[in-house]
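As a plain string of letters, each chain reads:
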Amino acid sequence: MAAPPDMELSPALSLELLPTDPLLLILSFLDYRDLVSCCYLNRRLNQLSSHDPLWKRHCKKYWLISDEEKSRRNQGWRAIFISTYADLGRYIHYYATLKKAWDDLEQYLGQWCPRMIGSLKESVREEDLDAVEAQIHCKLPDDYRCSFRIHNGQKLVVPGLMGSMALSNHYRSEDLLDIDTAAGGFQQRLGLKQCLPLTFCIHTGLSQYMALESVEGRNKYEIFYQCPDQMARNPSAIVMFITGTSYLEWFTSYVNKVVTGGYPIIRDQIFRYVHDKDCVATTEDITVSVSTSFLPELSSVHPPHYFFTYRIRIEMSKDALPENACQLESRYWRITNAKGDVEEVQGPGVVGEFPVISPGKVYEYTSCTTFSTTSGYMEGYYTFHCLYNKDRFFNVTIPRFHMVCPTFKVSTA
């Protein structure tokens, strides 16, 4: 039975007949790969996919191209995306994250450590990275390569970009190695097979290494400090304190600590002290806060000897009355290791000093401790006497602060 004339099917809707604006809106939600694919479907989609504003989002998302940079290049968004992809396409999943980390770090250093900016080296070319791979007969991870397309590490200078640590008789400052220096330190010896150094300390010889293959108990691309196993018969046996699972995670987490103020700036250099925001105690007008750091170069797993340094800040409120000025008389520590063993320490002053604290004044000092266990904590109090009433003594609480060594594993060499 024939359908009535008013129920006859209308002709199939053609893509050519659809209005442009809704189609552009749909295309604006596509990722760059799908947008490129549309170019090959038909003439209409090819024309629409070439619409320049569609590529602005991808340029900003993947290459961090700003409107100002586009104006300087005097190119359209699509042309910029294509030319950048031709150069950096293999790094498209890493570039924006690493570029932002480097930009944030440079901005922060420009404000707080300006002399360190001059130590950063310009980017390297793809062929330079390929040459290093040929030299060491090992593939470099793409996130590592990508970072060096932005900055080729730094010159061997002090202070180092990757943080410092100082005690009365010990100093460490780590440089981020450029690609040629790193390749020169590539290890093939037993215990460190196929390990590439990422950092180097001129004073101690300490490096952080990245494993380029899964050998000797390491995971591929794991980053670690090496620590000799002093009780092993084999001199190549080492213990690895793990500091990262990939270059991307290792570098960006460090930069985040720096630019958010997680690491203090002391004497125009970055110090790798970690501060727990809950590790603060206030007694009357005096506030005590603590930050800590683990020192792998002074530690040992076999025999167990874990070395920590801590930095204490003592500050009197600026709103305190002038007559509340006081002087530190003595200290008391209660030190507990992971087994629950307790040691008590009491003595005059701190690090040989008897600091005076007055309204708005800050006193900071650094000291250290060791544990026979991988973790422990300290707490205690300072005893002060008032300068204007020398018969008055009072105790100021030192908050409990925990120290934990990084995850470690023993080489199977």
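Computed from a predicted model, the values in this text were never measured in an experiment. (Residues numbered from 1 in each chain as written. Predicted model: local features only at pLDDT ≥ 70, side-chain atom pairs only at ≥ 80, totals over all residues. Heavy atoms only, no water.)

K.L.:
Quick rundown of the nonpolar core? Include the residues and the values.
P.N.:
Counting residues in hydrophobic clusters, the biggest one holds 61 residues, and the most contacted among them are Leu-140, Tyr-144, Leu-161, Tyr-247 and Phe-251. It is helix α7 (residues 95-112) that provides the largest number of residues to this core, a total of seven residues. Two domains each provide a minimum of three residues to this core, namely domain 1 (19-90) and domain 2 (96-260). Here Tyr-247 is in contact with Leu-98, Asp-143, Tyr-144, Ser-147, Phe-148, Leu-176, Leu-198, Met-210 and Ile-223, once residues within four sequence places are set aside. Among the nonpolar cores identified, the runner-up in size contains 38 residues, and Tyr-306, Ile-314, Ile-335 and Cys-386 belong to it. (Core = buried A, V, L, I, M, F, W, Y, C linked by side-chain atoms within 4.5 Å. Buried < 20%, exposed > 50% of the residue type's maximum accessible area, 1.4 Å probe, protein only. Helix = DSSP H or I, 4+ residues; strand = E, 2+ residues; numbered from the N terminus. Domains from an automatic or database assignment. Contact = heavy atoms within 4.5 Å.)

K.L.:
I'd like a description of the sheet that holds strand β11 (residues 286-294), backed by residues and values.
P.N.:
If you walk across this open sheet you meet the four strands as β10-β11-β12-β16, and the pairing is antiparallel. Two strands bound the open sheet, and with one partner strand each, they are β10 (274-283) and β16 (362-371). Each neighbouring strand pair of the sheet contributes to a mean axis angle of 20°, computed without reference to strand direction. Note that β11 and strand β12 (residues 306-316) share nine bridges and pair antiparallel. Within the sheet, the bridge partner assigned to Ser-289 lies in β12 and is Arg-313. (Pairing = 2+ DSSP bridges. Axes fitted to C-alpha atoms, helices over the stretch in contact; angles between N-to-C directions.)

K.L.:
Tell me about the pairing of strand β13 (residues 326-337), and please be specific about residues and values.
P.N.:
Note that β13 and strand β15 (residues 356-357) share two bridges and pair antiparallel. Note on β15: the bridge partner recorded for Gln-327 is Val-356. As defined by bridge partners, β13 adjoins strand β17 (residues 375-386) across eleven bridges and the pair is classed as antiparallel. Bridge assignment links Ser-330 to a residue of β17, and that residue is Thr-383. Pairing between β13 and strand β14 (residues 342-348): seven bridges, direction antiparallel. Bridging across to β14, Tyr-332 finds its partner in Gln-346. The loop that links β13 with its antiparallel partner β14 comprises four residues; one of these, Gly-340, has a positive phi angle of about 90°.

K.L.:
Before we move on, can you summarise the pattern of salt bridges with the specific residues and values?
P.N.:
Counted by the stated rule, this structure contains 27 salt bridges. The closest approach of N and O atoms between Arg-90 and Asp-142, which form a salt bridge, is 2.7 Å. Of the two residues, Arg-90 sits in the loop between α6 (77-88) and α7 while Asp-142 sits in helix α10 (residues 142-150), which places them 52 residues apart along the sequence. We classify Arg-90 as partly exposed; its relative accessible area is 43%. Between Glu-174 and Arg-272 there is a salt bridge, with the nearest N and O atoms lying 3.3 Å from each other. With a gap of 98 residues between them, Glu-174 in strand β2 (residues 170-176) and Arg-272 in the loop between β9 (269-270) and β10 connect regions that are remote in the sequence. For the pair formed by Glu-174 and Arg-272, the shared burial category is buried. Via salt bridges that share partners, Asp-87, Arg-90, Glu-126, Asp-130, Glu-133, Lys-139, Asp-142, Arg-145 and Arg-149 belong to a single interconnected network. (Salt bridge = Lys/Arg side-chain N within 4 Å of Asp/Glu carboxyl O.)

K.L.:
Quick rundown of the sheet that holds β2? Include the residues and the values.
P.N.:
On the basis of which strands lie adjacent, the open sheet formed by three strands has the order β1-β2-β4 and antiparallel pairing. For this open sheet the edge positions go to β1 (164-167) and β4 (199-201), each flanked by a neighbour on one side alone. Neighbour to neighbour, the strand axes of the sheet diverge by 20° on average, direction disregarded. Bridge count for β1 against β2 is four bridges, and the pairing is antiparallel. For Leu-167, the partnering residue across the bridge sits in β2 and is His-170.

K.L.:
Help me get a handle on the packing of aromatic side chains, residues and values and all.
P.N.:
Counted under the stated rule, the structure contains 27 aromatic pairs. Look at Trp-55 and Phe-81: their rings are 5.2 Å apart centre to centre, the planes differ by 45°, and that puts the pair in the tilted class. Of this pair, Trp-55 sits in the loop between α3 (43-49) and α4 (56-63) while Phe-81 sits in helix α6, and the two are 26 residues apart along the sequence. Between Tyr-247 and Trp-250 the ring centres are 5.6 Å apart and the planes differ by 50°, which places this aromatic pair in the tilted class. With a gap of three residues between them, Tyr-247 and Trp-250 both fall in helix α12 (residues 247-259), about one helical turn apart. Here Tyr-247 matches Trp-250 in class, with each residue buried. (Phe/Tyr/Trp six-rings, centres within 6.5 Å; stacked < 30°, edge-to-face > 60°.)

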